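# Understanding the architecture of this molecule
What follows is each chain in one-letter form.
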Amino acid sequence: MARPPRLSLPSYPHHVIQRGNNRQPIFFEERDYVVFKDCLREAKRKCGTRLYAYVFMTNHVHLLLEPEQEGDLGRFMQSVGRRYVRYMNDTYERTGTLWEGRFKSAVVSQDAYLIMCSRYIELNPVRAGMVLHPRDYRWSSYHRRALERPDNLLDDDPWYASLGNTATERAQVYADWLETSVSGNEWDQIRKATQQGRVVGSDSFQEEIGSSVGRRLKGETRGRPKGVGRSEIAL
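Rules used in this analysis
Residues numbered from 1 in each chain as written. Predicted model: local features only at pLDDT ≥ 70, side-chain atom pairs only at ≥ 80, totals over all residues. Heavy atoms only, no water. Helix = DSSP H or I, 4+ residues; strand = E, 2+ residues; numbered from the N terminus. Buried < 20%, exposed > 50% of the residue type's maximum accessible area, 1.4 Å probe, protein only. Contact = heavy atoms within 4.5 Å. Areas by Shrake-Rupley, 256 points an atom, 1.4 Å probe, with all protein chains shown as cover. Expected span 1.5 Å × (residues − 1). Pairing = 2+ DSSP bridges. Phe/Tyr/Trp six-rings, centres within 6.5 Å; stacked < 30°, edge-to-face > 60°. Salt bridge = Lys/Arg side-chain N within 4 Å of Asp/Glu carboxyl O. Lys, Arg positive; Asp, Glu negative; His and termini not counted. Polar contact = N/O pair within 3.5 Å; in protein donor to acceptor, adjacent residues only side chain to side chain. Axes fitted to C-alpha atoms, helices over the stretch in contact; angles between N-to-C directions.

### Things to note about the overall build of the protein chain
- A count of helical and extended segments in the protein chain gives nine helices and five strands.
- The order of helices and strands in the protein chain, counted from the N terminus, is β-α-β-β-α-β-α-α-α-α-α-α-β-α.
- Relative to its full complement of 235 residues, the protein chain shows a buried share of 52%.
- Taking as baseline every contact in the protein chain between residues at least 6 positions apart, the subset at least 24 positions apart corresponds to 73%.
- Counting only carbon and sulfur atoms, one obtains 46% of the accessible surface of the protein chain, whose full area is about 11,400 Å².

So this is what it looks like as structure tokens:
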């Protein structure tokens, strides 16, 4: 049976996962991570896509992207993929497939679920047992969002921007919130929605998007994330 077309909507954030073929490594040394960032930067310039959060793992990457126009998400990922593959082939004298088929993605609602997805992304090295704290993993957006370290690759998402009146205040609120406990099924909800190409958001948001695209999308996430609104956090 033919798989349904990718759910990609302009002006909505998308959680994207791109894996190495057969889960093989896509990064081998520090220079590789730097080049991949350059590939993202060039794709942003060409495609007009905003990048809110990221993490580069050994054999896959997570990105939180917001395309501006129809088709921008696919063009963005194609630009990154082709440019990075050329670099890998030239550097390591390799041939063949680098990526595991097409990337996985899920539309994310522009509310508390957006910051929930950024936490999912930035805690990936912790879940994988690579580090004890996200600050100890170099290749993620945590350092800009929680520690105010410069990273001109990133844009501030609307929900993050609402966490405080200054950059320092926003970073502190966000860092404190990442230390709070994660609900029991939060990670599974995001993972499942992304693998199935659905929606991360409330039931009403899922129904709204499903109605707009003529597909049933409800059922991947339930309830509202707790403790991520500015009024719910002690500033």
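### Side note on helix 2 (residues 72–92)
- When the terminal C-alpha atoms of helix 2 are compared, their 30 Å separation across 21 residues agrees well with the 30 Å that a helix rising 1.5 Å per residue should span.
- For helix 2, the complete set of buried residues consists of Asp72, Leu73, Phe76, Met77, Ser79, Val80, Gly81, Tyr84, Val85, Tyr87 and Met88.
- Following helix 2 by one or two positions, Glu93 adopts a phi angle in the positive range, close to 50°.

### A few points about the pairing of strand 3 (residues 60–66)
- By the criterion of burial, strand 3 is predominantly enclosed, with seven of the seven residues buried.
- Neither face of strand 3 is exposed, since His60, His62, Leu64 and Glu66 on one face and Val61, Leu63 and Leu65 on the opposite face are all buried.
- Relative to strand 3, strand 1 (residues 14–19) runs antiparallel, the two being bridged by six bridges. Bridging across to strand 3, Arg19 finds its partner in His60.
- Where strand 2 (residues 50–56) meets strand 3, six bridges bridge the pair, whose relative direction is antiparallel. Among the inter-strand pairings, Leu51 is bridged to a residue of strand 3, identified as Leu65.
- Connecting strand 2 to the next strand, strand 3, in antiparallel fashion are three residues.

### Digging into the packing of aromatic side chains
- Inspection of the entire model under this criterion finds 15 aromatic pairs.
- Relative to Phe36, the ring of Phe27 lies with its centre 5.5 Å away and its plane at 90°, an arrangement referred to as edge-to-face.
- On the numbers, 4.8 Å between centres and 25° between planes, the contact of Tyr54 with Phe56 is stacked.
- A network of ring pairs unites the aromatic residues Phe27, Tyr33, Phe36, Tyr54, Phe56, Tyr84, Tyr87, Trp99 and Trp139 as a single cluster.

### Thoughts on the pattern of salt bridges
- Tallied over the full model, the rule gives 11 salt bridges.
- The salt bridge partner of Asp151 is Lys37, with a shortest N-O separation of 3.5 Å. Linking Asp151 in the loop between helix 5 (142–145) and helix 6 (158–161) with Lys37 in helix 1 (residues 30–47), this pair joins segments that are 114 residues apart in sequence.
- Exposure remark for Asp151: the relative accessible area of 12% places this residue in the buried category.
- Its relative accessible area of 16% is what places Lys37 among the buried residues.
- Between Glu122 and Arg145 there is a salt bridge, with the nearest N and O atoms lying 3.3 Å from each other. Here Glu122 is found in helix 3 (residues 112–122), whereas its partner Arg145 is found in helix 5, with 23 residues between them in sequence.

### Digging into the side chain of Asp32
- When you line up the elements, Asp32 lands in helix 1.
- Arg31 provides the closest opposite charge to the buried, unpaired Asp32, separated from it by 5.9 Å.
- At 2.7 Å, the side chain of Asp32 and the side chain of Tyr92 are in polar contact.

### Quick word on the sheet that holds strand 3
- Read from one edge of the open sheet, five strands run 2-3-1-4-5, paired in mixed fashion. Of all the strands in the sheet, the pair left with one neighbour each is strand 2 and strand 5 (199–200).
- Sheet topology places strand 4 (residues 104–108) next to strand 5; two bridges connect them, and they run parallel. In the strand pairing of strand 5, Val107 is matched with Val199.
- Contacts from helix 3 reach strand 1, strand 2, strand 3, strand 4 and strand 5 within the one sheet, and its direction differs from that of strand 3 by about 160°.

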